[in-house]
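Letter by letter, the chains look like this.
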Amino acid sequence: MTKVAVIYGSVREGRLGIKAAKFIVKKLERRNIESTLIDPLEFPLPLLKNKFDYLKENEKTKEMKKLHEIFEKADGFVIVTGEYNHSVPPALKNIVDYFGREYAFKPSAIVSYSMGPFGGVRAMMHWRDILSELGMPSIPTTFPIPEVQNAFDDDGNPKDEKYNERVKKFIDEFDWYIKTFRAGREKGIPN
Ligand SMILES: Cc1cc2nc3c(=O)[nH]c(=O)nc-3n(C[C@H](O)[C@H](O)[C@H](O)COP(=O)(O)O)c2cc1C
């Protein structure tokens, strides 16, 4: 079964993006894509001590080890990003920075959101660079969510039917990249 990690990155009191993360997890699951929500409240990591691979065994926390295992098994990654000062949320970047080879030769997809009208697209563009650098290039279709405070209920059910329609193309494309990259990895990857 296809597995993806959905990485969300806000620990802010009253955080809103968690609703968008729950929405995308449900939609992926409905398409038989096993999705693990990575919530920094459940996987608290210290501000980057070092990359997981560079830490001594006794410095690796159980959360770091669990994330390493989840990321290694994942076929793709969804980044659910807010926008802080036109850039990426620090808790999200902190989780992502801990790892590297776990992401390589796998696709990523970006869901962005904000309380305003632009849906976090400025942070999204930063993520494209970061994700490429990490070897998990992002798919062309993105999923920006403006006025996230009005978009979903607390369980991540959309209040507007348009989200159910838009997400279909996003997942279709992501699924294609996941399968195509996996077939490529099975044939072998460059050293
Ligand atoms: C420090 C900070 C900076 C922000 N900067 C932006 C911004 O540049 N653009 C924007 O559209 N919203 C900005 N916002 C509003 C966020 O889009 C909104 O608070 C959003 O809900 C944050 O995601 P979260 O609720 O998941 O933490 C900012 C919020 C905070 C706390």
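Note that this is a predicted model, so its numbers are computed, not measured.

Let us look at the overall build of the protein chain. Secondary structure assignment for the protein chain yields 6 helices and 5 strands. The secondary structure elements of the protein chain, listed N-terminal to C-terminal, are β-α-β-α-β-α-β-α-β-α-α. At 16 Å, the protein chain has a C-alpha radius of gyration in line with the 16 Å of a compact globule built from 191 residues. The principal-axis extents of the C-alpha atoms in the protein chain amount to approximately 45 × 40 × 25 Å. Looking at the protein chain as a whole, 39% of its 191 residues are labelled buried.

On to helix H6 (residues 162-187), then. In a regular helix each residue adds 1.5 Å, so 26 residues correspond to 38 Å; H6 covers 39 Å between its end C-alpha atoms and thus fits that length. What H6 keeps buried is the set Val167, Phe170, Ile171, Phe174, Asp175, Tyr177 and Ile178. Those residues of H6 that are buried are in contact with helix H1 (17-30), strand S3 (76-81), strand S4 (108-113) and strand S5 (143-145). Following H6 by one or two positions, Gly188 has its phi on the positive side, about 125°.

Right, let's talk about the site of the ligand for a bit. Near the ligand lie 15 residues; those nearest to it are Ser10, Leu16, Gly17, Gly82 and Ser114. Residues that form the shell around the ligand fall into these classes: 5 nonpolar, 7 polar and 3 charged.

The next subject is the pairing of S3. Counted residue by residue, S3 has 6 buried out of 6 residues, so it is predominantly covered. As paired elements, S3 and S4 share 5 bridges and run parallel to each other. The residue of S4 that forms the bridge with Thr81 is Ser112.

With that settled, the discussion passes to the environment of Glu72. Mapped onto the secondary structure, Glu72 falls in helix H2 (residues 62-73). For Glu72 and Tyr103, which are 31 residues apart along the polypeptide, the C-alpha to C-alpha distance reads 7.2 Å.

Rules used throughout
Residues numbered from 1 in each chain as written. Predicted model: local features only at pLDDT ≥ 70, side-chain atom pairs only at ≥ 80, totals over all residues. Helix = DSSP H or I, 4+ residues; strand = E, 2+ residues; numbered from the N terminus. Rg over C-alpha atoms; globule rule 2.2 N^0.38 Å. Buried ≥ 20, exposed ≤ 12 C-beta atoms within 10 Å, placed from the backbone. Expected span 1.5 Å × (residues − 1). Contact = placed C-beta atoms within 7 Å. Near = placed C-beta within 6 Å. Nonpolar A, V, L, I, M, F, W, Y, C, P; charged D, E, K, R; others polar. Pairing = 2+ DSSP bridges.

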